[in-house]
Structures are given as structure tokens and as C-alpha cells.
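# Residue-level structure breakdown
Here is what each chain is made of, one letter per residue.
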Amino acid sequence: MHTFFKVASMFAGVGGIDLAFRQAGFEIVWANEIDKYACRTYRLNFSENILVEGDIQAVSTSDIPDFDVLIAGFPCQAFSSVGLLKGFEDPRGNLFFETARVIAAKRPKLVFFENVANLLKHDGGNTFNTISQTINELGYFMKYNVMNASDYGIPQQRNRIYIVAAQSKDFVEQFEFPRKRPLKRDAFAFFDKERQPEHYYMDKHKKWNEMMDYMTDKHRIYRFTDWGLSRGRYGICPTLLAAMGSPYERIPFFFDGYSVRKITQKEAARLQGFPESFNWPIQKTPKQVYKQIGNSVCVPIIKEIADNIMTVMKEVNSHL
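The residue numbering used here restarts from 1 in each chain and proceeds along that chain's sequence as written. Local features are withheld for residues below a pLDDT of 70 in this predicted model, meaning they are given only at 70 or higher, and side-chain atom pairs are given and counted only at 80 or more; totals for whole chains, interfaces and linings count all residues. The side-chain numbers reported here are obtained from all heavy atoms of the structure, hydrogens and water having been left aside.

### Topic: the state of the cysteines
Defined simply, a disulfide is a covalent bond joining two cysteines at their sulfur atoms. Pairs of cysteine sulfur atoms within 2.5 Å are what we label disulfides. If you walk through the whole model with that rule in mind, you get zero disulfides. With no disulfide of its own, cysteine 237 lies 10 Å from the sulfur of cysteine 298, the closest cysteine sulfur.

### Focus: the side chain of aspartate 68
By definition, any uninterrupted DSSP run of H or I lasting at least four residues is a helix, any uninterrupted run of E lasting at least two residues is a strand, and each is numbered from the N terminus. Counting through the fold element by element, aspartate 68 comes out in the loop between β3 (51-53) and β4 (69-72). Only protein chains enter the accessibility calculation, which uses a 1.4 Å probe. A residue is then buried if its area is under 20% of the maximum for its type, exposed if over 50%, and partly exposed in between. The exposure class of aspartate 68 is buried, given its relative accessible area of 15%. Engagement of the side chain of aspartate 68 in a polar contact is seen with the backbone nitrogen of lysine 6, the distance being 2.7 Å. Working rule for contacts: check all heavy atoms of both residues, and any pair within 4.5 Å makes them a contact. Those residues in contact with aspartate 68, other than ones at most four positions away along the chain, are Phe4, Phe5, Lys6, Pro108, Lys109 and Leu110. In protein, a polar contact requires one atom able to donate a hydrogen and another able to accept it; more generally it is a pair of N or O atoms within 3.5 Å, and residues adjacent in sequence count only if both atoms are side-chain atoms.

### Quick look at the packing of aromatic side chains
Planes of paired rings set the category: under 30 degrees apart is stacked, over 60 is edge-to-face and the rest tilted, where pairs are Phe, Tyr or Trp rings (Trp by its six-membered ring) whose centres lie within 6.5 Å. One pass over the structure, following the stated rule, counts 21 aromatic pairs. Relative to phenylalanine 254, the ring of phenylalanine 188 has its centre 5.8 Å away and its plane inclined at 80°; by these criteria the two rings are edge-to-face. Of the two residues, phenylalanine 188 sits in the loop between α5 (169-174) and α6 (208-214) while phenylalanine 254 sits in strand β10 (residues 253-255), which places them 66 residues apart along the sequence. Comparing phenylalanine 188 with phenylalanine 254, the two get one shared label, buried.

### Here's the deal with the packing of helix α3 (residues 96-106) against helix α4 (residues 126-137)
Every axis corresponds to a line fitted to the C-alpha atoms, with the helix fit spanning only the stretch in contact, and the corresponding angles, defined between N-to-C directions, vary from 0 to 180 degrees. The contact between α3 and α4 brings their axes to 11 Å, and the two run at 5°. Comparing the axis directions of α3 and α4 gives the class roughly parallel. Listed contacts from α4 to Phe96, Phe97 and Ala100 of α3 are Thr130, Ile131 and Thr134. Split by residue class, the contact of α3 with α4 holds four nonpolar, two polar and no charged. Here is the rule for angles: anything less than 35 degrees is roughly parallel, anything more than 145 is roughly antiparallel, 65 through 115 is roughly perpendicular, and the remaining ranges are oblique. Think of it as three bins: nonpolar holds Ala, Val, Leu, Ile, Met, Phe, Trp, Tyr, Cys and Pro, charged holds Asp, Glu, Lys and Arg, and polar takes everything else, Gly as well.

Structure, rendered in C-alpha cells:
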């Protein structure tokens, strides 16, 4: 596929957004990520020379090559309903303004953001109003949508906000987000049927009896939360969290025909829509891989958005 537009990626993580845009025909020319483990995974799947590892605050905009589209999944923990909800008081929340710094200096034709849905109502809406006002002051028109992965072909309960902003008003008026559709497969279709290595099984878990009392439906997926056991919607996986890689038990688990086991890293990646060909250093850093997957995005949803962006950008390119 011929590439028409170049992309720069901020807070790239393992490259989930980058992958989706690459699948849609965009060329990734530059990326930045501070987490060393995420950088290792990124380099396994993208050209090494495009990734700048380190703090974005130390990156000079003059060192970033020219590009057409900026993509950024700026850190969401400060705004997440399962986080501390500190927003811009959290240094991670303030990193949004680093995207504004890059936009002001590089003037891309288009900007794409992904974040937790709670961004919309955080601090009574003031946080999102600040983001919207900043984008507007930079000279961009904006359109956004909150989308749950389970409404767009992925059997995972994952609410995220997607923001598209462009200098062209024509682009924003013509661009449309993907439409909802029924699920064709439930989460169990993404799980391997053969018995997995023993460390995934939970037979000796200290709360085994409590789990057995609670897990009355074998077609649901379960996990531990701060409040105890919880169950997902019928056939739909609970939200995959970055905390899957922490000491706390946040990895979803289910009956697999042998016993109760945690989903594997590969299965978690499938529930984020990563292709089987995507490389993960599971043997070297298993907990980090869980964290990276939870921190990432639903690739097919962003691929659909990127497809729509590409279509409209081609149509209005002369006005961008």
C-alpha cells in the first residue's frame, strides 16, 4: 500500500496505536517512549531508528522530523477511575501539555489522541474543557467519541475516548467514527483450548474456596479488584489493566476445561487485537508484558479510525 502521510508517535508504549496507523497505510517516522521495557517490545516490532527512548520533556522539537499526523496515548493513570484521579495535579497528567508543545512547533495536519473515558468527566469536566480549549487555541477543530470495545468487535469491556483534531474544518466535518456493531465472537474464542503451563492455574490459590463459591457461571471471566472478586459480562472479558503486571492480582481468570486459570499474555494480546505475529518478550519479562498489554490499546478499533482518517485526508489533502 502506498503511504501518503507520515506519523510521529508520543507516549508510544509498545506501539499499539502505531501498529494500527501502519496497518492503515501511514508511515511511522518517529516515536518516543520512556519505559525501557515497552521500548524493548517496540523495537521488536518496528524499525529501531525511529524510536527515541527517554523523557519527552527532554526532547527538543527541532530533533523531531517533519510529519503529517501526531498520535499520542498520553498517560491515562491520572484520569482513570481506577487510579488516583489527580489529573493535572499528577505529573503524568501534565504530559498532555507536552503534546501541545510539539503541536505548536511542528503544526501537523492532524492529531489523534486515545485515553480513558473518564477523561471526559474528570474534575467535573474541567480537565476535558482545558484540553479542548488548548487544542482550539492551537488552531485545530476537534471531534471525539467514547467507544466501548465490546461494541466494535472486541469482546472486552474497555471504554476509551478517541479524539481527532485537524487544522481543516472540512476534515472534521467529513470525518466519522466507526459505527457500533454486534459481536461475532465472545472472549472464549480468543483463548487456547489446550492445557497451559502450570503457573497459569490457580488451584492452590489462598482464596480458592471463595472463588469456587463466587464463580457460579463458567461462561464469565473473573478477576480480583480492590473490593474483592468481580465478574465480567456474559462472554466478555473485564478491562485489561496495566495493574496486571503488578503484585496485585488483576489478571482475568476463567474455567478452561481443566481448572481455573489466568489468561495468558498471548490471549490478553488477542483481546487487544494484536496479531499473532506481534512479538512479546514473554519469557524474559512476563509481568512486564501483562503491564504493556494493559497499558496499550484495542488495535482494530484504532485501525478503523485510522482507515477513516486516511480516506478523508486523501479527499481534503489540498486543504490540509
